[in-house]
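Residue-level structure breakdown
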Amino acid sequence: MAEKIVLDSHGRYFAVKPLILVTTVGLTGLPNVAPKTQNMDVGRREQYFAFVCTPRHHTYQNVKANQEFVVNYPGPELIENVSAAAQLAEDSDEIALAGLTSIPSVVVKPPRIKECYLHLECKLVEINDLEDVSIILGKVVARSVDKEVSFERGKSKENIKLLSKRPLLAYVHPDHYTKISVAEEFVFPKNYKP
């Protein structure tokens, strides 16, 4: 068994997190985009989505003002665009500045990003302000996915083959990323009932 050590509050350890792009509409009506690494589906059927943001960011201010946002999942081929999306540019179309393409959403006003393979359109439920960050929780009101990465339940082996063709992008804390192109089927206890 590995030796355990106690870390300070800025612990140095590897952790894998989803890497997403959140789109909003700015106060001037222009699209805004920001990469986020602290995020998760919430609820048994993933009917909610939460991410962490600081109140000084445009994303926080836009969500608070407009009550909507879109979660976009980029693939590893977009890592340079994701990095470019971290810039703050007031009164500019940040999606275009990052070399990405806006497409209309189905339900909400913030746009989806065409190059991303999965989109979750969300309406704000609540913002929980903590000391220096906030947790933004939204209800997913529409989902869209590229056809080639859509899969059927109950066909695990066939579905996993999709990953080799279209890997997932993940953030590896601190300051790294990885491509996920292989996955194993989860082993549930014998009498497990979902």
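Refer to the preceding data block for the structure.
Residues numbered from 1 in each chain as written. Predicted model: local features only at pLDDT ≥ 70, side-chain atom pairs only at ≥ 80, totals over all residues. Heavy atoms only, no water.

**Re the sheet that holds strand β5 (residues 48-53)**
Reading across the sheet, the seven strands line up as β3-β2-β6-β9-β10-β5-β4 and stay open at both edges, with antiparallel pairing between neighbours. Bordering the open sheet on either side are β3 (31-36) and β4 (39-42), each of which pairs with just one other strand. Between one strand axis and the next, the sheet turns through 30° on average, direction left out of account. Two elements, strand β2 (residues 20-25) and β3, share six bridges in a ladder whose sense is antiparallel. Residue isoleucine 20 lies in a different strand from β3, and its bridge partner there is lysine 36. Taken strand by strand, helix α1 (residues 58-66) contacts β2, β3, β5, β6 (68-73), β9 (118-129) and β10 (134-145), and its axis lies near 50° from that of β2. (Pairing = 2+ DSSP bridges. Helix = DSSP H or I, 4+ residues; strand = E, 2+ residues; numbered from the N terminus. Axes fitted to C-alpha atoms, helices over the stretch in contact; angles between N-to-C directions. Contact = heavy atoms within 4.5 Å.)

**Describing the packing of aromatic side chains**
Counted under the stated rule, the structure contains three aromatic pairs. Where phenylalanine 51 meets phenylalanine 69, the ring centres are 5.1 Å apart and the plane angle is 75°; that geometry is what we call edge-to-face. Pair noted here: phenylalanine 51 is in strand β5 and phenylalanine 69 is in strand β6, with a separation of 18 residues, a long-range link. Just as phenylalanine 51 is buried, phenylalanine 69 falls in that class too. (Phe/Tyr/Trp six-rings, centres within 6.5 Å; stacked < 30°, edge-to-face > 60°. Buried < 20%, exposed > 50% of the residue type's maximum accessible area, 1.4 Å probe, protein only.)

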